[in-house]
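# Architecture at a glance
The lines below spell out each chain.
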Amino acid sequence: MRHSVQQISSSELKSPPDHSSISLDHSRLRSVASNQLGQETTSTSSVQQTKEQVIHSRAQFIVTCCCMFAIGFNDASAGPLLPRMQSVYQISFLIVSLLFIFACVGFILGACLNVLVSEHVTFGKVTMCCTESCILQMIAFTLAIPAPPFPVFVLGYFINGIGSALQIAQVNGYLVVMGHNVNLKVALSQASYGAGAFVAPLVATQFSAMRHWSFHYLVSLSMVTTNAFLTSAIFRLQSKEDCRAQLGLEAMEPETSEHSPFRQIMNLKSVHILAAFIFLYVGTEELFSGWTVTYIIQQRDAGARSGYIASGFWGGILLGRIILIPLNNWLGDRLVMLIYIVLAIGLEIVVWLVPSLIGNAVAVSLVGLFFGPMFPVALSASRKVIPRWIYTGAIGWITGIGQAGSAALPFLTGALADAVGISSLQPLLVGMMSAMIAMWLLVPRPTRPD
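Keep in mind the model is a prediction, meaning the values are calculated, not measured.

## Overview of the environment of Met433
As for its position among the elements, Met433 is in helix α20 (residues 425-441). Along the sequence, Met433 and Ile345 sit 88 residues apart, while their C-alpha atoms lie 6.6 Å from each other. Setting aside residues up to four positions removed in sequence, Met433 forms contacts with Thr284, Phe288, Ile341, Ala344, Ile345, Glu348 and Phe371.

## Regarding a nonpolar patch on the surface
On the surface, Leu184, Leu188, Leu319, Ile322 and Ile323 cluster together to form a nonpolar patch covering roughly 410 Å² of accessible area. Of all the secondary-structure elements, those providing two or more residues to the nonpolar patch are α9 (182-208) and α14 (307-323). Sort the elements by how many residues they give to the nonpolar patch and α14 lands first, with three residues. As for its position among the elements, Leu188 is in helix α9. Exposure remark for Leu188: the relative accessible area of 31% places this residue in the partly exposed category.

## Let's talk about the nonpolar core
Ranked by internal contacts, the top residues of the largest apolar core, which has 109 residues, are Met85, Phe153 and Phe371. Of the residues forming this core, the biggest block, 14 residues, is contributed by helix α13 (residues 269-299). Ignoring anything within four residues of it in the chain, the contact list for Met85 reads Gln90, Ile91, Val96, Leu99, Phe153, Tyr157, Trp213 and Tyr217.

## With respect to the pattern of salt bridges
Counted by the stated rule, this structure contains two salt bridges. We note a salt bridge from Glu285 to Arg321, for which the minimum N-O separation is 3.8 Å. Separated by 36 residues along the polypeptide, Glu285 in helix α13 and Arg321 in helix α14 bring together distant segments of the chain. An identical accessibility class is assigned to Glu285 and Arg321; each is buried. Among the salt bridges present, the one from Lys384 reaches Asp333, with a minimum N-O distance of 2.9 Å.

## Points about the state of the cysteines
Evaluation of the coordinates by the stated rule reveals zero disulfides. In this structure Cys66 is not part of a disulfide, and its nearest cysteine sulfur, from Cys67, lies 7.0 Å away.

## Some points on the confidence of the model for the protein
Taken as a whole, the protein shows an average pLDDT of 78; of its residues, 77% reach a score of 70 or greater. By mean pLDDT, the top-scoring element of the protein is helix α16 (residues 333-353) (93), and the lowest-scoring one is helix α2 (residues 19-37) (40). Below pLDDT 50 for its whole length, residues 1-46 participates in 31 contacts with residues either more than four positions away or in separate chains.

## What to know about unusual backbone geometry
If you check the backbone angles, Gln90 has positive phi at about 55° while not being a glycine. Assignment of secondary structure puts Gln90 in the loop between α4 (78-89) and α5 (93-96). The class for Gln90 is exposed, based on a relative accessible area of 66%. The phi dihedral of Ala147 is positive, around 55°, even though this residue is not glycine. For Ala147, the location among the structural elements is in the loop between α7 (126-144) and α8 (150-177).

## Quick word on the side chain of Ser220
Within the secondary structure, Ser220 sits in helix α10 (residues 216-235). Taking the relative accessible area as the measure of exposure, Ser220 reaches 3% and is therefore buried. Once residues within four sequence positions are removed from consideration, Ser220 is found in contact with Phe73 and Phe141.

Quick notes on the rules
- Residues numbered from 1 in each chain as written.
- Predicted model: local features only at pLDDT ≥ 70, side-chain atom pairs only at ≥ 80, totals over all residues.
- Heavy atoms only, no water.
- Helix = DSSP H or I, 4+ residues; strand = E, 2+ residues; numbered from the N terminus.
- Contact = heavy atoms within 4.5 Å.
- Patch = residues over 30% accessible without salt bridge, like charges linked within 9 Å, V, L, I, M, F, W, Y side chains within 5 Å.
- Areas by Shrake-Rupley, 256 points an atom, 1.4 Å probe, with all protein chains shown as cover.
- Salt bridge = Lys/Arg side-chain N within 4 Å of Asp/Glu carboxyl O.
- Buried < 20%, exposed > 50% of the residue type's maximum accessible area, 1.4 Å probe, protein only.
- Core = buried A, V, L, I, M, F, W, Y, C linked by side-chain atoms within 4.5 Å.
- Disulfide = S-S within 2.5 Å.
- pLDDT = per-residue confidence, 0-100.

Here it is, written out as C-alpha cells:
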C-alpha cells in the first residue's frame, strides 16, 4: 500500500490536481487498502430484484428452513425415546449411549466430506449436496423403523450423522452468501431447527408409550423424503454462482489464495476456536434434550410424560432465536453471548438444587430461551473472521465438529450415569457451560464488518 500512496503523490506533484483525478486517486487508494487488509465485499444492497427473483429467493429460503426443521426434529427425538430403548433392548446407560458416539463419528466424517466437496466441487451443485444428505437420512430412518437389533439401530445413527453434518453445513454456507438480511435469515433458519426440535418430543413421547414405538421414525422419513424432492425442484442442480445469478445478485469475489481451501481452513485459528465452542454448545444442548427427561424421571419421581419438559426446552430455544434478535444486534456478538451463558448457568443451578418438578420445568424452558440465540450469534461472529470463498467448507468443519459434540458429551454423560448415577448430569452441565465462557473469550475479534 505504501508504493501505491507514493505513486499517487508523485503524479500529483507533476500536474495540478483536479476534482476528477483526486476522486480517482482516492478510489485507487481505497481499493489497494481493501486488498491489503484482505477484506472482501459482496455487493447486494444496490441490486434491485424483480418480482420473479424475489419469489425465487423466498422459495429457496423456505426450502432451507424445511431442511433445518427436519434436522431439529431428528436431533430432539432421542431424549423421550431413550428410556423405552433401554427397556426394549435391556441395555445400560453406557450401551444406549453408543447411539451418540457412533453419531459423533458420523458427524466428523460428514464434516471432512463437506470440506472435500467444497474444495473439489466449489460448493458446486447445491441440490446434489442437500439431496445426497437427505438420501443418507432416508436410509438411516428406514433402518430404524422396524426396531431392528440394537447394532443396526446404531448403524442408522452413524449414517444419519453423516447426512446431518453435510446438510447443516450446506444450508448455513448457502444462507451466508445469498442476498440480503443474512443475520435475520440465519436466525430464522435456526428458529426452524428449534421449531422441529420443539415438536419432536411431543411426537416422540406419544410413540414411546406405543407398542410400535419405533414407528416414530416414519415421521422423520417422510420429512427428509419431502425435503429431497423440494431441494431438487427448487435448486435444480445449480451451482452457488448460478443461484446468485438467478436472484439477480452479482458474482462473488474470487479466491485470492494460492493454497487449497482445505489447507486454508486448517490453518485458520479462528475456525478451530469456533469449532471448539460449537462443540461445547451443541453438546450441552443435546445433554439437556437427551438426558434431562431421564434425570427428571429418576430424581423428581416423575412419570413418562416428563418427555414434555424437553419440548419446553426446545420451545424456549425457538422463542429465543426470534424475540432476542433486537437484543443481539444492540449489545453485539461478544457481550450478548457472555450474558446468555451466565444466565443459563444460574438457571441450571436452580434445576440442580431446587427439588421442584414445576420449578425445574420452568427453569429448563428459560435455559432454552437463553440458549436459543447462541448458535446464530456464533455464526454471525464467524462471518466476520472467515474469508467468504472458504466459508462453506469452514462452516462445514465448524458445525460438523459441533454436531460431534451432540454425540460425544451425551455419551460421556451416559458413561458417568452408569458409574455414579444420573445425578452427575447437573454438575457436568454447569461445567460445560463454564467452559463455553472460556472458549468464547478466545474467539478473535472481527477483522471486517458484517
